[in-house]
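Examination of the molecular architecture
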Amino acid sequence: MTGATCIVKTERSIRYDGDMTPTAPGARPSEARHRLLTAATRIFYSEGIHSVGVDRIIAEAKVTRATFYRHFPSKDDLILAYLREVHEMDRGAVDTVITTTSRPVAPLLAIANSIAESIQSPGFRGCAFLNAAAEYPDTEHPVRQEIIAHRQWFLDTLTTLMAQVQEETAESAARHFVMLRDGAMAAGCLFDPALVSETFLRGVEGLLRITAERQPTESAG
């Protein structure tokens, strides 16, 4: 689940045929675009964004420079596509969890477990969006706006799920979850991933227990 976890899966089970840019409904996505985006997703996540040039992406994707610029007029366009790709993987995974669980706390625990699994996965390098934010401090930059939009979606999703546990404190509980998650994603790159994951899960379980035990008359804080 990458929405909560920001795990970058570079091999998606999607077929691309031909070299048609999807400019109209029903158009087949370009195989060249798929290769470019796959290469960028893998390299941007593992090595950073600013340190990787367009020539490297072109070489990895085995396309021409003209093909690259036909699909992505600038590197920023490719970066935005990369972040949107990760967001869509995240959203799809979270939506699956929500639709396949019934108890109020179940989807929240499933998201937390997915985060813990990602921290312990090979090649883990933190949150793709937090990493990108560190490279784009200008809040008005389109890349930064994409990051903010993704994080707002995640916070809104958690708030909705927390409301099923305790409506009055849902917003503060969701913010608390996000902070626990952000800390775990950063610590997972620096310390023992298994210990970080265990600490994070205990924190989420405690948050959910406290949230569920609160009386409806308590104000969110």
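This write-up is about the structure you can find in this document. Fair warning: this is a prediction, and the values are worked out from it, not measured in the lab. (Residues numbered from 1 in each chain as written. Predicted model: local features only at pLDDT ≥ 70, side-chain atom pairs only at ≥ 80, totals over all residues. Heavy atoms only, no water.)

**Here's the deal with helix α7 (residues 128-135)**
Where α7 is concerned, the buried positions are A128, F129, A132 and A133. Along α7, the residues classed as buried sweep out an arc of 135° about the axis, all on the same side. Taken together, the buried residues of α7 touch α2 (31-47), α5 (75-100) and α8 (142-163). (Buried < 20%, exposed > 50% of the residue type's maximum accessible area, 1.4 Å probe, protein only. Helix = DSSP H or I, 4+ residues; strand = E, 2+ residues; numbered from the N terminus. Arc of directions from axis to C-beta. Contact = heavy atoms within 4.5 Å.)

**Notes on unusual backbone geometry**
A positive phi angle, close to 60°, is found at K62, a residue other than glycine. Considering the arrangement of structural elements, one finds K62 in the loop between α3 (54-61) and α4 (65-71). The exposure class of K62 is exposed, given its relative accessible area of 69%.

**Quick word on the packing of aromatic side chains**
Enumeration over the complete set of coordinates arrives at five aromatic pairs. Each ring, one from F68 and one from F72, has its centre 5.9 Å from the other, and the planes form 45°; the classification is tilted. A relative accessible area of 0% places F68 in the buried class. Between the aromatic rings of F177 and F200, the centroid separation amounts to 6.2 Å while the plane-to-plane angle is 90°, which identifies the pairing as edge-to-face. Pair noted here: F177 is in helix α9 (residues 170-187) and F200 is in helix α10 (residues 193-213), with a separation of 23 residues, a long-range link. F200 carries the same exposure label as F177, and that label is buried. Members of the aromatic cluster, joined through ring pairs, are F68, Y69 and F72. (Phe/Tyr/Trp six-rings, centres within 6.5 Å; stacked < 30°, edge-to-face > 60°.)

**Quick look at the pattern of salt bridges**
Per the counting criterion, the structure on display carries nine salt bridges. Its salt-bridge partner being E31, residue R35 comes within 3.4 Å of it at the nearest N-O pair. With R35 and E31 both in helix α2 and four residues apart, the pair spans about one turn of that helix. Under the relative-accessibility criterion, E31 is labelled partly exposed at 35%. Of the charged contacts, one joins D182 and R151 as a salt bridge, the two residues approaching to 2.6 Å between their closest N and O atoms. Highlighted residues: D182 in helix α9 and R151 in helix α8, separated in sequence by 31 residues. Residue D182 is classed as buried on the basis of its relative accessible area of 17%. Among the charged side chains, a salt-bridge network with shared partners connects R42, E47, R56 and E60. (Salt bridge = Lys/Arg side-chain N within 4 Å of Asp/Glu carboxyl O.)

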